[in-house]
Amino acid sequence: MKLLRLAPENTKFPFMRFRRVSYPFSAVLSLVAVALFIFKGMNFGIDFAGGTVIELRAKSGFAEVATLRGLGENLKLGDIEVQAFGNQADATLRFGLQPGGDKAQQEAVEKVRGAVETQYDVRRVEVVGPRVSNELVQSGTLGVVISILAVLTYLWFRFEWQFAIGAVIATMHDLLLTVGFFSITQLEFNTTSIAAILTIVGYSLNETVVVLDRIRENMRKYKKLATAQMVDMSINAVLPRTIMTATTVMLALIALVVFGGQVIRSFSLAMIWGIFVATYSSIFICSPMLIYLGLRNEDVARPAEEKAEAEAGTEIEYHGSSDAYAASMSDDIGDTPVPVAPKRPAPKAAAKPKSSARRRPK
Amino acid sequence: MLRFSTWKFLAIVAMTLAAVLVTVPSMLSPSTYEALAARLPSWLMPPTIVLGLDLQGGSHVMLEVDQSDLLSTQIKNLRDDVRRILREEKVAITGGIGATARGVQLRVPDAADREKILPRLRQLRNSFSANVGGQSPLDVDATPEGLVRITVTDTGLRDKSRKAVEQSIEVIRRRVDALGTREPSIQRQGDDRVLVQVPGLQDPQTLKDILGQTAKLEFRLVAEPGQNPAEVEELEQVDEQGKLPIEKQIMVQGEDLTDAQPGFDQQRSGEPVVNFRFNIRGAQKFGDVTSKNVGRLFAIVLDNKVISAPRILTPITGGSGQISGRFTVEQANNLAILLRAGALPAKLNIVEERTVGPGLGQDSIDAGKRAAFVGAGLVVFYMLITYGVFGVFANLALFVHIAFIFAGLVLLGSTLTLPGIAGIVLTIGMAVDSNVLIYERIREENHAGRSILASLDAGFNRAFATIVDSNVTMGVAALILYFLGSGPVRGFAVSLGLGILTTIVTAVTMTRMMIAVWYHYARPTKLPI
């Protein structure tokens, strides 16, 4: 049986050369996202803005949107936002906080119910008071901030500090762009969207960790290779997996968008965007950050540890193709000549001038 | 790679079987489940998955103690206490007992009188509330000019509100139980809130109606013309236009009721009424009042509204009576429930309400199921055409993975919500990612010139570290979501967390086992991926 392959084999794409483009590009996108958030704002659902949502299904099978819109004026409830969705029978009414506190909210629901009861079934009623919505905003924001901090701490213990910073910057980037996505699409932002954002954070970190894991492995294996080339090599190595996984998750999400119903649609749409962004940022934001942060300079400062690691990392010999890989890659790039990676780790002295030469200006 | 101890093999098979067995009842239709449960012993029949209100329909209502109502009740009680002390100590004051924003004040011109009553007023603290962490619930201070002020402190009010919540929970439970719904959940939230969740409720309006009322029942005489205006207040009538002048003095209170039942008026119209019975104290008081006031109007006041004001024709000494007020059958029923359950200690406001009708709930279940089946189907198909026989292994592992998550939900008694379903679909993606990581690594090692066996071994070993790292990172996020989130977010976190835990067993160990068995029998000369 011929198996399907989406990713080309043995790619040698010089990802790191794009860092001079990807960084300004991402910076601009992030700024646009912030600007959108400030100037355009988000379509906050009643979880955050407070207010009432009533979902109706017309008994006649046809919801009269215009009549429903008129309710706001007739009942003196301010603006009623009427949205038809899915089929012709369903409509949602949404109106803001009523002056007069929690009691007035309940009275408003009563009025609407009384006005539509004969022609519509009330399928869902949600009322969130002003104080509750404030608390939801606070606990939601707290959740995002604390989970990022916790993940930062975990990565810092598990990897080198550069990895933790790279991962967190990539995650913040994804977070900003997701906020921008919600702002530009005006998808409703509610507690489920918080779940979406946290999932995107999780997916983004998962992507980043997979790439970083390979970088760490190769960092120990190919001591002499320039950092940029070593990073490129690592990304190319995990590229088939990245494409495969993104496609799979995407398939599941598309199923959610199409069949999952109204309530989780905005969740799923945000996730789809999040997967694009997370995949991009793990390659183009997090990985170059390691170069900027001078990933390998530290090795010089701790020779004993490095030796132990080097020995541990080369228990299984890596031969043939990988040497050719390094050599051919240097040709492709046409950069400074790169020493071919040796089968056994080079003595530390050999690595020293290399890494100090690459030290980034402070 | 090839060595797989027998006990490990058996352990995995046993776990899989157990998970499937635990999950099966939840997949059955309710009627089949009932039929089976009737025949099988209870320990053989695991509970079904608990569906969230968003899935099966129901009401979620958050109530909050009305602070201003609570405060005015406290001020009223304080005033009664002060009056009693003044009477007992025979102290004269100029003017009455005035109310301030947070308490009462009075003018005691005589210094000796002040010395007499101040210690007693300070003692009120103890009866007002038990020791509240060193903070006084009441402030009592007096100026040299003779102004005495008693103020309820923030601590005092908070303590009262906490107690009001505790008492309310009992009253609410009695009221909701009387509705005859199944498995309502009533929990306190923080200092001043109660969360009531009633799954599968057909008529959420009734729930709100009976929760929104304090149900403070009082029997008071209707004032006659020329009575002292200080003793009379105007109260609204429930059914008729205009207000009625009612004496402020409460003759008999609802707390003296022992029973209340809906019924029909036997003598006259046959309209729905509520029959009630008093305890001995109440019966005595009721008998006294009705004997002394034959011919006058006697008002039945509920939450400061006059329900009806019938004329006392003869003394009622039997200790039972009837409330009529042009009720519908349902109203009479609700009133009886409220009276039986007792009054709430303070007014409760609805600050959050989420009601999903049963129709929408069913639609959501259907949508969730459809999405899950299509999503899983797409993933399974995609794995199959990409990895062939290894894809079959991954898919089998995926199936067990899903069974594990459902079994976990059943065993934890955790509630499955719509975001929870989203979480499961996402975990499917994560589990597949683990297999993809392993398979791609195996390919890579194989292309690098290793033997099949060495590639398999290296693939699993090397991908494992990555899988652990990425899953722990996700796990950290799920954990924090669980502790900081509420409602839908929490449901999502539970599914995600369970999924992450089982990924290691299914996607790594199970797949490895299947590949080992396959290798043993197939003896491949070329890797099939």
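Residue indices begin from 1 for each chain and proceed along its sequence in written order. Chain A is the first chain written and ligand 1 is the first ligand written, with later ones labelled in order. For a predicted model such as this one, the threshold for reporting local features is a pLDDT of at least 70, and the threshold for listing and counting side-chain atom pairs is 80 or more; totals across whole chains, interfaces and linings nevertheless cover every residue. Side-chain numbers here rest on the full set of heavy atoms in the structure, without hydrogens or water.

The following threshold applies: UniProt positions are given in the numbering used here, feature names are shortened, and annotations may be inferred rather than shown by experiment.
Under the annotation held in an unreviewed UniProt entry, chain B carries the name Protein translocase subunit SecD and is attributed to Methylocystis iwaonis. Per its UniProt entry, chain B bears the Sequence similarities (unreviewed entry) comment "Belongs to the SecD/SecF family. SecD subfamily." Per UniProt, chain B carries the Subcellular location (unreviewed entry) text "Cell membrane".

In the nomenclature of an unreviewed UniProt entry, chain A corresponds to Protein-export membrane protein SecF from the organism Methylocystis iwaonis. Recorded under Sequence similarities (unreviewed entry), the UniProt text for chain A is reproduced unchanged: "Belongs to the SecD/SecF family. SecF subfamily."

### Remarks on the nonpolar core
In plain terms, the rule: Here, nonpolar core refers to any group of buried Ala, Val, Leu, Ile, Met, Phe, Trp, Tyr and Cys residues whose side-chain atoms link them within 4.5 Å. Residue burial is assigned from relative accessible area. The probe radius is 1.4 Å, only protein chains are included, and a residue is buried under 20% of its type maximum, exposed over 50%, and partly exposed in between. Each helix corresponds to a stretch of at least 4 residues labelled H or I by DSSP, and each strand to a stretch of at least 2 residues labelled E; elements are numbered beginning at the N terminus. A contact between two residues is defined here by any heavy atoms of the two lying within 4.5 Å.
Within the largest apolar cluster, 143 residues are counted, with the highest numbers of intra-cluster contacts made by A:Leu155, A:Ile215, B:Phe390, B:Tyr439 and B:Ile442. Examining the composition of this core, we find that 20 residues originate from one element, helix H10 (residues 358-412) of chain B, more than from any other. Those residues in contact with A:Leu155 that sit more than four places away from it in its chain are A:Glu160, A:Ala164, A:Ala167, A:Leu205, A:Val209 and B:Thr473. Core analysis: the second largest hydrophobic core is formed by 44 residues, B:Ile117, B:Val152, B:Ala346 and B:Ile350 among them.

### Details of the packing of helix H6 (residues 154-178) of chain B against helix H7 (residues 204-211) of chain B
All names here are of chain B. Just so we agree on the cut-off: Whenever a helix is involved, its axis is fitted only over the stretch in contact; in every case the axis is a line through C-alpha atoms, and angles between N-to-C directions fall within 0 to 180 degrees. Take the far helix as your reference; a near helix turned counterclockwise from it by less than a right angle gives a left-handed crossing, and one turned clockwise gives a right-handed crossing. Note that Gly is not counted as nonpolar here; it falls among the polar residues with everything else outside the nonpolar set of Ala, Val, Leu, Ile, Met, Phe, Trp, Tyr, Cys and Pro and the charged set of Asp, Glu, Lys and Arg.
Following both chains from N to C, one finds H6 and H7 inclined at 145°, their axes separated by 10 Å at the closest point. Where H6 crosses over H7, the two elements pack in a sense that is right-handed. Contact residues: H6 offers Ile172, Arg175 and Val176, while H7 offers Leu207, Ile210 and Leu211. Residue composition of the contact of H6 with H7, by class: 5 nonpolar, no polar and 1 charged.

### Describing a negative patch on the surface
Put simply, the test is: A patch is a set of surface residues, each over 30% in relative accessible area and not in a salt bridge, joined within 9 Å for like charges and within 5 Å for the nonpolar side chains Val, Leu, Ile, Met, Phe, Trp and Tyr. To be clear on the numbers: accessible area is Shrake-Rupley with a 1.4 Å probe, and residue cover counts the displayed protein chains and nothing else. Within this document, salt bridges are pairs made up of a side-chain nitrogen of Lys or Arg and a carboxyl oxygen of Asp or Glu, the two lying within 4 Å of each other. Note on charges: Lys and Arg go in the positive column, Asp and Glu in the negative column, and His and the chain ends are not counted at all. Just so you know, the charge point we use is NZ for Lys, CZ for Arg, CG for Asp and CD for Glu.
A surface patch of negative charge is lined by A:Glu107, A:Glu110, A:Glu117, B:Asp203, B:Asp209 and B:Glu330. Residue placement: A:Glu107 occurs in helix H4 (residues 101-116). On the accessibility criterion, A:Glu107 (46% relative accessible area) is partly exposed.

### So, the pairing of strand E2 (residues 51-58) of chain A
Put simply, side chains in a regular strand alternate between the two faces of the sheet. Residue and element names in this part refer to chain A. To keep it simple, the criterion reads: Only strands that DSSP links by at least two bridges are regarded as paired with each other.
By the criterion of burial, E2 is predominantly enclosed, with 7 of the 8 residues buried. For E2 and strand E5 (residues 120-128), the ladder comprises 8 bridges, and the chain directions are antiparallel. Each residue of the ladder has a partner; that of Leu56, found in E5, is Val122. Across 6 bridges, the pairing between E2 and strand E4 (residues 90-95) is antiparallel. Residue pairing in the sheet places Thr52 in a bridge with Phe95 of E4.

### Side note on the sheet that holds strand E5 (residues 138-142) of chain B
Residues and elements named next belong to chain B. Read from one edge of the open sheet, 4 strands run E3-E4-E6-E5, paired in antiparallel fashion. The strands lining the two open edges of the sheet, one partner per strand, are strand E3 (94-99) and E5. When strand polarity is set aside, the average angle formed by the axes of neighbouring strands in this sheet is 10°. Examined bridge by bridge, strand E4 (residues 103-107) and strand E6 (residues 147-152) share 5 bridges and lie antiparallel to one another. Each residue of the ladder has a partner; that of Gln105, found in E6, is Arg149. Docked against the sheet, helix H5 (residues 111-128) engages E5 and E6, running at close to 170° with respect to E5.

### Observations concerning helix H5 (residues 130-158) of chain A
Put simply, the rule is: Helix span is expected to be 1.5 Å times the residue number reduced by one.
In this model H5(A) runs 42 Å from its N-terminal to its C-terminal C-alpha over 29 residues, within 8% of the 42 Å that 1.5 Å per residue would give. Looking at H5(A), one finds that the buried residues are A:Val132, A:Ser133, A:Leu136, A:Gly140, A:Gly143, A:Val144, A:Ser147, A:Ile148, A:Val151, A:Tyr154 and A:Leu155.

### Observations regarding H4(A)
For H4(A), with 16 residues, the first-to-last C-alpha span of 24 Å sits near the 22 Å given by 1.5 Å per residue. The complete set of buried residues in H4(A) reads A:Asp102, A:Ala104, A:Gln105, A:Gln106, A:Ala108, A:Val109, A:Val112, A:Arg113 and A:Val116.

### Details of the sheet that holds strand E10 (residues 232-237) of chain B
Residue and element names in this part refer to chain B. Reading across from one edge, E11-E10-E16-E15-E9-E12 is the order of the 6 strands in this open sheet, with mixed pairing throughout. Bordering the open sheet on either side are strand E11 (243-247) and strand E12 (252-253), each of which pairs with just one other strand. Direction of pairing for strand E9 (residues 217-221) relative to strand E15 (residues 298-302): antiparallel, over a ladder of 5 bridges. Residue Leu221 lies in a different strand from E15, and its bridge partner there is Phe298.

### Overview of the environment of A:Ser183
Tracing the sequence through the fold places A:Ser183 in helix H6 (residues 161-185). Apart from residues no more than four positions distant in its own chain, A:Ser183 is found in contact with A:Leu36, A:Phe37, A:Lys40, A:Gly41 and A:Met42.

### Remarks on the UniProt feature "transmembrane region" (unreviewed entry) in chain A
Residue and element names in this part refer to chain A. The positions that UniProt labels "transmembrane region" (unreviewed entry) are, in the present scheme, residues 21-39, 136-156, 163-182, 194-215, 243-264 and 270-293. Each end of residues 243-264 is marked by a C-alpha atom, and these two atoms are 25 Å apart; helix forms 77% of the span and strand 0%. With 96% helix and 0% strand, residues 270-293 has end C-alpha atoms that lie 31 Å from one another.

### Some points on the UniProt feature "transmembrane region" (unreviewed entry) in chain B
Residues and elements named next belong to chain B. The sites that UniProt annotates as "transmembrane region" (unreviewed entry) are residues 371-389, 460-484 and 496-519. For residues 371-389, helix accounts for 100% and strand for 0%, while the C-alpha atoms at its two ends are 26 Å apart. Taken end to end, residues 496-519 has its terminal C-alpha atoms 33 Å apart, with 100% of it in helix and 0% in strand.

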